[in-house]
Amino acid sequence: MVGTTSSRIEILNDGGLRSDGRRQYELRDITIEFSLQGYADASVTFQHGLTQVLVSVLGPHEAKIRSQTAHDRAIINVEVNVAAFSTGERRKRTRGDKRLLELASTIKSTFEPVVQTHLYPRSQIDIFVQVIQQDGGLLPACINGATLALAAAGIPLSDFVCAVTGGVHSASSLLDLNTLEENDVPHVTVAIMPRTERVALVTMETRLRVESFEEIFKLAIDAGKVLYVEMKAALQRRTHTLVMALGSGSKPATQATVFDVDEL
């Protein structure tokens, strides 16, 4: 196993503060905005720190390709697009980009056991992800946004899926990494189902010591429970707004909810 190496960037200073002013276990602020986009049944703009994604859900509907239709369940289709201006490298990624295909495949495999697809045989559920801005934690933002979009679209879920990244710098564990931290320290992404207390996803592209992984894993589970509270509250606020709008006969307005997520 490999340990961490010295960094040109001060990931964690002597005062216990990170490069963006947060402490070790402090999460970035999240903003959740529900809206309607085109023919989508629900859309959510999920912003975590400076990372921002727009997730739209369409379906269930008749599958576009009949040969891929499952007779006993719905199939989940995930497409990820990245805006050319989302990062500083100004690199345009096409739909066939290997990185985007891997991201879409991970999102799909995460939600297949969670979405109650057996209720919609011979149909298809589409999840479209548009990455607007990236600053670390892209996969967790996509998963959290997709959870809210699916719930807002009325798709039955066995549980929420809440995801966060964690890493280790020297002997110090960190939660919710930004881009500078992800590029410098070994890290892992953990997605949990808080009500059933099950793990939906664990993925890492770098190696970690066993003792470091155990600590980060426990911290990520606690952080996922914090995210669950905020995501559930945002969904409840949206439901309340819709009920009030139906009662008054007016059209529900786009609603944005901003949370200041305190240190765990």
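Residues numbered from 1 in each chain as written. Predicted model: local features only at pLDDT ≥ 70, side-chain atom pairs only at ≥ 80, totals over all residues. Heavy atoms only, no water.

Caption draft 1: Structural context of unusual backbone geometry. Of note, the amide linkage connecting Gly 59 to Pro 60 takes the cis form, showing an omega dihedral of 5 degrees. Within the secondary structure layout, Pro 60 lies in strand S3 (residues 51-62). Even without being a glycine, Ser 170 presents a positive backbone phi close to 55 degrees. Within the element layout of this structure, Ser 170 appears in the loop between strand S6 (162-169) and strand S7 (172-175). Residue classification places Ser 170 among the exposed positions, given a relative accessible area of 51%. (Helix = DSSP H or I, 4+ residues; strand = E, 2+ residues; numbered from the N terminus. Buried < 20%, exposed > 50% of the residue type's maximum accessible area, 1.4 Å probe, protein only.)

Caption draft 2: Region of interest: the sheet that holds strand S8 (residues 187-193). With antiparallel pairing, four strands are arranged side by side in an open sheet as S7-S6-S8-S9. The two strands at the open ends of the sheet, each matched to only one other strand, are S7 and strand S9 (198-203). Averaged over all pairs of adjacent strands, the angle between their axes in this sheet comes to 25 degrees, without regard to strand direction. Note: S8 against S9, five bridges, orientation antiparallel. Bridge pairing in S9 links Thr 189 to Thr 203. Its contacts with the sheet place helix H2 (residues 138-152) against S6, S8 and S9, and it is angled at close to 165 degrees to S6. (Pairing = 2+ DSSP bridges. Axes fitted to C-alpha atoms, helices over the stretch in contact; angles between N-to-C directions. Contact = heavy atoms within 4.5 Å.)

Caption draft 3: Structural detail: the pairing of S3. Bridging between strand S2 (residues 42-48) and S3 involves seven bridges; their strand directions are antiparallel. Counted as the bridge partner of Ala 42 is Val 57 from S3. Across nine bridges, S3 lies against strand S5 (residues 123-133) in antiparallel orientation. Residue pairing across strands places Val 53 opposite Val 131, the latter belonging to S5.

Caption draft 4: Quick look at helix H1 (residues 98-111). Compared with an ideal rise of 1.5 Å per residue, which puts 14 residues at 20 Å, H1 spans 20 Å between its outermost C-alpha atoms and is within 8% of the ideal. Buried within H1 we find Leu 100, Leu 103, Ala 104, Ile 107, Thr 110 and Phe 111. The buried residues of H1 occupy an angular sector of 125 degrees when projected down its axis, which confines them to one face. In the core, the buried residues of H1 are packed alongside strand S4 (74-82), S5, H2 and S9. The distance from a side-chain oxygen at the start of H1 to the backbone nitrogen of Arg 99 is 2.9 Å, and the residue carrying that oxygen is Asp 97. (Expected span 1.5 Å × (residues − 1). Arc of directions from axis to C-beta. Polar contact = N/O pair within 3.5 Å; in protein donor to acceptor, adjacent residues only side chain to side chain.)

Caption draft 5: A look at the packing of aromatic side chains. Tallying each qualifying case throughout the model produces two aromatic pairs. Residues Phe 213 and Phe 217 carry aromatic rings whose centres are separated by 5.8 Å and whose planes lie at 25 degrees to one another, so their mutual orientation is stacked. With Phe 213 and Phe 217 both in helix H4 (residues 210-248) and four residues apart, the pair spans about one turn of that helix. Of the residues examined, Phe 213 reaches a relative accessible area of 25% and is grouped as partly exposed. (Phe/Tyr/Trp six-rings, centres within 6.5 Å; stacked < 30°, edge-to-face > 60°.)

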